[in-house]
Every structure is written in structure tokens, then in C-alpha cells.
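Below are the chains, spelled out letter by letter.
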Amino acid sequence: MTVRWRIFVTVLVLVAALSSCKDDSTEMLPLDEFAEAQNEQFHVHTRSCNLDAKMESLMRDESYRKQHEEKFTKVNAALSDIKTRTSCSNPTIVPMAIHFQGISNPDAACLTALAQSQVDILNKDFTGTNTDILNWTSQAASFFPGASNGEACLQFCLADTNHPNGYGLSNGAPAVTVNKTNGDSDANWSGYINIFVRANTGVLGYSPLGGSGNGDGVVVDATAFGTGSGCGSVSPNAPFNLGRTLTHELGHYLLLDHIWGNGCNVDDLVADTPDQQQEYYGCPSQGASSCGSNDMHMSYMDYSNDACMYMFSAGQTARMEAYISSSLGNVTGNAANVCSTSGTTGGSTGGTTGGTGGGTTGGGTTVTCETPSAVSVANITSTSAELSWTAEPNASQYRIRYRESGTSTWSISNTTNTTEVLQNLMEATTYQYQVRTQCPAGWTAYTSMATFTTDTAVSTCAAPGSATVTNLSPNSVHVTWAAIPQAIRYRIRFRELGTSAFTVFSPTNPSRNLTNLKAGTTYQYQLRTRCPSGWTTWNSMSTFTTEGTTTAANVLTVKLTLDNYGSETTWELVNENGNVIEDDGPFQDGQAGTLKVKTFEAEEGCYTLYIDDSYGDGICCNYGEGSLELLLNGVVIGESDGQFGYYDYIDFCITANGFKMGDRKRDAKKAQAQEKHPPRVANH
Ligand SMILES: [Zn+2]
């Protein structure tokens, strides 16, 4: 039973916990014994990786455990620097030494070539220049919106100078030893990442999670190292015969966990890899998912077959680079000493970062086909830019990728032309771009990262266009209009239709509530903009009408029927403050039966309507049938029959809902007055 090892990072504290493994039935032994316990040579048929067992063994050492915890702290601090890097003109050189162990009748030249070919594979896989990265860029990437493949700014160098003594290596020869080392560490090879190729490991390989560069390294089984026909007992076996076991194990050495972490909700500490339930074997179908998201089984950190893993995520390469810069300075610092190519690109037989993807055809004729040269940018506008480059003979097409500087996701386009207009860009924004060539032998490396910045859009500060008016209530509306990009503020003015004076507001935002309006009333309004250069003219006049209907006027009508002595008759309407609002009379005599009508508007409020007779004998009925009616909006609300002495009155109130009647009194002096004054009939 293998002891599976998992990490929980909790506020810089790591806790190693134990859980059982489901895919391995071998008795747990220290790794060396484990390998020796395998008496027969056998081929591994499913990918397996003893990361967990290796870590279980290492973490028993208290000082190792402490150093291990520090690696996680340091890598996070270094990660931000990696993410802001914009170009890879100067890759970090990582010295490497490869040690074959337990080889019978070794063919040293063959093993050296095999070692070099494996380093070439690493360089392609880590920089995203492997030919099958097309599986990602042309298909699989669409299953992972927002995720990009990683392109580490690294170059693994098979060391070739200043070798440690005692290994029979001459200066200038590659650091490949055969049957000179034992186990999975050799302190003489401190300052290198060591690769130990051993037979019968029982697994495809293993590595510490986060190597130290102190002579430690990665173990790869002799059946899974390199590619091609191999060298005797060191013979890569399908489906693990494309050199990707070392790509996977080197990922562990550079602090990458398996992509599935340890199941749903247990992260691999890489942000752009999806949550995944468990490992995949074989060649999974795109779109396979778990934990609610598509699974990135094409990552080198899964267990898929060599042919079905073809990428690191950008987050994975960034983490590895951060680990190298934060914890493997003893290795990278050794590059100038042990790698004669340090400081230059190339240095291996195949294409590496910054190199070409050209090569020769099968017939041996040299074909010139390289990374595009002289890439230039022209016709930059606020939304587009045109890239162009020199044509490469034998190119089948070119690939352009570009992104907003500081972001991680590329936009990619292919063209057979030597120009490409990038469209729909954002104004005043810096973009990074690279171009590469598809040659008969595959894609070249990308050109060095370069940038351009789009223009600022030409100012279009103008008066607002038409606005939208929303009725909020009968007495208020909300006016909104499209924002003007360069506006400092706006001005809105409005008035009731038919009036002349505007009310003015100066809002900063392109909207304004207009309140205290009359219901059911039409208003005019206009807008203008305060631009950096000053106020625009007003836009064309528009109108809106408030909700509701105009408040009905309170129309009072006083209908007075005269008796024959109109000269004695007057009436007046007094408001609650004692002020006379309306009045009429006196009238001419001799008009008995004549109707005197007066109509006028009155506000809501309480009133008293007086009808007076100066003679004190009323207006009815001795000298005519005089009377008085009070109407509100055409409806009689009060009346006097004219039979009073000096006066009669009606109290009433006009309310929002109509009217309300109050007291009504006539004077009681009629008899007395008639006594004082002889009946009129006698005088007339
Ligand atoms: Zn692994």
C-alpha cells in the first residue's frame, strides 16, 4: 500500500496527512529497496509516479520539512514577478546532468545522444514549442476559457564544462555519466538538476516536490526515458516513449503538484488549472469533466499517455519559474560555470527557446524556414493595428498572438499573408504580440515579445443627443441621456410650455430628476455639455408631459334674481381671512325677475357669501320674487329664498373632494325694519 501524501497549506503551516492509495498494490518500502525488490524486468503499463512515497520519506526529516515549508512561502513571493514579465529574450539557463545506472554493455555515444534528445524534449515542452501544442491551441483551449498554455522562459542545458572530478568526463563533453552514480542523489553534482535513469523502478519515475539542487534529482525508469529506439536496455516503451515522464517529474521537482491535487476542493495551488477529481490514464476525450468543470488531462501533470499530454498551463510554468528563481539560485547560479552556451540561445541539437523550428527534410535537403523576422507595426488607430513581417520561404502559414499587456490570455489568429490587421482593440492600451511560422517541420518559436499602444480615441465632446424621460409621478420626471465621453458636466433647462423662464440644473452625471412639476402639463427642455473646451450649444428643444390631468378649477357661480329695488341689493364673497374675493351690486331698480350671474374661480378654502338688502326688507316677495343661488362647478350648493331683513349668508368650504356646507343665517330684524320703514309699495 503506497502512502499517499497530500498538502494542506494553512497560514504557512504544512501538515502532512496520510491516506490510502487506490492504484497501487505494492508493499510500501523505502524507494531503493522498492526498486531492488523488483527481480524481474517489467514494463510499466499505466503511468505511475512515486511522488507521494518520495515525499513521505523526505518529510520524516524535521529540518527537511522546515525547509520544504519555506519553499511554499518563497514561491508565492516570487510568483508576482514572473507574472509581470513581458518578454523572454533572455531565458534562465538551468544546468542539468544525466546519470545512467546499472547498464550492462553500455553504448556511451548512444546514451549521450539519447540524453541530449531528452533535454531537447524538455526545452520544447517547457517553452510550449512542442509541435503537438497545436492540439491545445487549435482545439483543447476552447474547453478552458481564460486559460493559456505556459511558455516558460527557461532553457535546460546539458552541462558541458567544469565537470566534477572522478566521473571520467572531459571538458566540453556533455554531463552524461554511465554506471558512475547510485541512488537518487549525488552531492558531487550539487548545482545541477540531476536525472537518474534506472531500470526496474516499478514506476515511471519520481521526484521530490520541490528539489533542492544539492545533488538531488529526478528518477526516470529506463523504459520511459527519451524517445526513439533507445540504447539497449534503456529503451522507451509506448505509450510512454515521447520523453514526457521526465517533463512530468521535472514539474514535481519545480514544485508542481499533480493537476488533480487530491480530489475536488483540494487544489494543486495553481490558479488556472481546474478543480479535478482524480487522475486520467490513457488518452482521455476532450470535455471530460469532474468537480463541475472540464478537466485539463492534457497537462503534463496528469497521468495521460505521452501522446495525450502536451501542455503546461501558464499558471504551472509561472509557478515553476517562480520556484527556480526563489529556491534554485544554487542551480541557475552555476550555469555560467558549467554550461558553455550560457548566455546564448540554442546549444542543443534541436530547436529551443528563441531558436528556429526549421531543420532538414527527410531527403537531407536544407529547407530554410524560420521564425519571422522584422515584424513591424503600422497604421495604429484607437481600435486597430497592422502587423507585418518578412515572408519566410517554405512557410505554410503564420500565427499571430496578442494580448493586453498584463493579462494572461492570448488572442490567436493564423494567416498565410505577411500582414495581419488586429481589430477591435481598446483605445490607449498597450498590447503584446508575437509571431511564428509554420514550417514543414512544425511551428517555429515565437518572435521576441514586442508591444504597441493604441491611440486615444479622437475627442467627440458634443451636446447630448435625445434624452429619455421617465414619468416618476404626476409632479416629477427622470431625464437620462447617453454620456458624452469627455463631458465635465451637463446642463438641463426646462419650462412649462407657453412660459418663458427656464429652471436650470447642472448635473455631473447624465441624468436628472425634475420635481415640483404640474400634473398633466407639457414642458419644454434642452441639454448641453460642458466639454474641456467649454459649453456646447443647446441641443434641440424637446418636450414631455407629466402624468395625470390638470387640476379642475373650482368655478363658483352666483345667480342673483333681483326684486324691483335692485339699488338696495349687493352681495360679497369673503374668504376665511375676511377679505372680499368677489362682489356685485347694487343694481338698477325696476328689474324685478332679472338674473344677474357672476362666474369666477376660487381656490380651496372656506368662504362666506353675503346677500345684503340696504333697506332691510329682503328681496322677496313683496316687490318681486328675488332670490340667490350659489353653484360650484355648475352644481347648486346653496341658496337664499330672499326672505330676510338686512342680510342672509351661506358658509361653505371648497375642498379637494368638493365642498362642505357650514352655517347659514338670516337676520331676524325683518319685522322691525318693516315697522321702521313703511312698505315700499307706498313710496313707489
Ligand atoms: Zn507525478
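Criteria and thresholds
- Residues numbered from 1 in each chain as written.
- Predicted model: local features only at pLDDT ≥ 70, side-chain atom pairs only at ≥ 80, totals over all residues.
- Heavy atoms only, no water.
- Phe/Tyr/Trp six-rings, centres within 6.5 Å; stacked < 30°, edge-to-face > 60°.
- Helix = DSSP H or I, 4+ residues; strand = E, 2+ residues; numbered from the N terminus.
- Buried < 20%, exposed > 50% of the residue type's maximum accessible area, 1.4 Å probe, protein only.
- Lys NZ or Arg CZ within 6 Å of the ring centre and 35° of its normal.
- Pairing = 2+ DSSP bridges.
- Axes fitted to C-alpha atoms, helices over the stretch in contact; angles between N-to-C directions.
- Disulfide = S-S within 2.5 Å.
- Donors = N, O, S within 2.8 Å, 3.2 Å for Na, K, Ca; no water.
- Tetrahedral: all angles 85-135°; square planar, octahedral: opposite > 155°, others 65-115°.
- Expected span 1.5 Å × (residues − 1).

(A) Looking closely at the packing of aromatic side chains. With the rule as written, the count across this model stands at 22 aromatic pairs. Measuring from centroid to centroid gives 5.5 Å for Tyr 523 and Phe 544, while their planes differ by 20 degrees, and the two rings are stacked. Taken together, the positions of Tyr 523 in strand β26 (residues 522–531) and Phe 544 in strand β28 (residues 542–545) put the pair 21 residues apart, joining distant regions of the chain. The pair Tyr 523 / Phe 544 is uniform in exposure class, with both members buried. Pairwise contacts between aromatic rings join Phe 494, Phe 505, Tyr 523, Tyr 525 and Phe 544 into one cluster. A cation over a ring is seen here: Arg 401 above Trp 410, with NZ or CZ 4.2 Å from the ring centre. Geometry around Tyr 446 places Arg 401 over its ring, the cationic atom sitting 3.9 Å from the centre.

(B) Representation of the sheet that holds strand β37 (residues 635–640). In space, the four strands of this open sheet follow the order β32-β29-β36-β37, with antiparallel pairing throughout. Lying at the two open borders of the sheet, with one neighbouring strand each, are β32 (595–601) and β37. Across the sheet, the mean angle from the axis of one strand to that of its neighbour is 15 degrees, orientation sign disregarded. The sheet contact formed by strand β29 (residues 555–561) and strand β36 (residues 627–632) spans six bridges and is antiparallel.

(C) Looking closely at the environment of Lys 598. By secondary structure assignment, the location of Lys 598 is in strand β32. Along the backbone, Lys 598 and Leu 630 are 32 residues apart, and their C-alpha atoms lie at a distance of 10.0 Å.

(D) View of the pairing of strand β8 (residues 217–221). With five of its five residues buried, β8 lies for the most part within the structure. Pairing analysis gives five bridges linking strand β6 (residues 193–198) to β8, with the strands arranged parallel. When the sheet's bridge partners are listed, Val 197 is paired in β8 with Val 220. Across two bridges, the pairing between strand β7 (residues 205–206) and β8 is antiparallel. If you follow Gly 205 over to β8, its bridge partner there is Val 220.

(E) Spatial organisation of the state of the cysteines. Counted by the stated rule, this structure contains eight disulfides. Across a sulfur-sulfur distance of 2.0 Å, Cys 606 and Cys 653 are joined as a disulfide pair. Taking the torsion about the S-S bond as the criterion, the Cys 606 to Cys 653 disulfide, at about 100 degrees, is right-handed. Of this pair, Cys 606 sits in strand β33 (residues 605–613) while Cys 653 sits in strand β38 (residues 647–655); the two residues are 47 residues apart in sequence, bridging distant segments of the chain. Exposure remark for Cys 606: the relative accessible area of 29% places this residue in the partly exposed category.

(F) Spotlight on the coordination of the zinc ion. Those donors, Cys 49 (SG), His 248 (NE2), His 252 (NE2) and His 258 (NE2), are the protein atoms that reach the zinc ion, and they lie 2.0 to 2.2 Å from it. Considering all four donor atoms around the zinc ion, the spread of angles at the metal, 96 to 120 degrees, places the coordination shape in the tetrahedral class. Each donor residue of the zinc ion lies on the same chain, and together they follow the pattern C-x198-H-x3-H-x5-H. Separated by 203 residues along the polypeptide, Cys 49 in the loop between α1 (31–36) and α2 (51–58) and His 252 in helix α6 (residues 244–253) bring together distant segments of the chain.

(G) Structural view of helix α7 (residues 314–327). The end-to-end C-alpha separation of α7 is 20 Å, in line with the 20 Å expected for 14 residues at 1.5 Å each. Here α7 lies mainly inside the structure; twelve of its 14 residues are buried. Within the sequence span of α7, burial applies to Gly 315, Gln 316, Thr 317, Ala 318, Arg 319, Met 320, Glu 321, Ala 322, Tyr 323, Ile 324, Ser 326 and Ser 327.

(H) Examining α2 more closely. Of all eight residues in α2, six are buried; the element is thus mostly enclosed. Along α2, the residues classified as buried are Leu 51, Asp 52, Ala 53, Lys 54, Met 55 and Glu 56.

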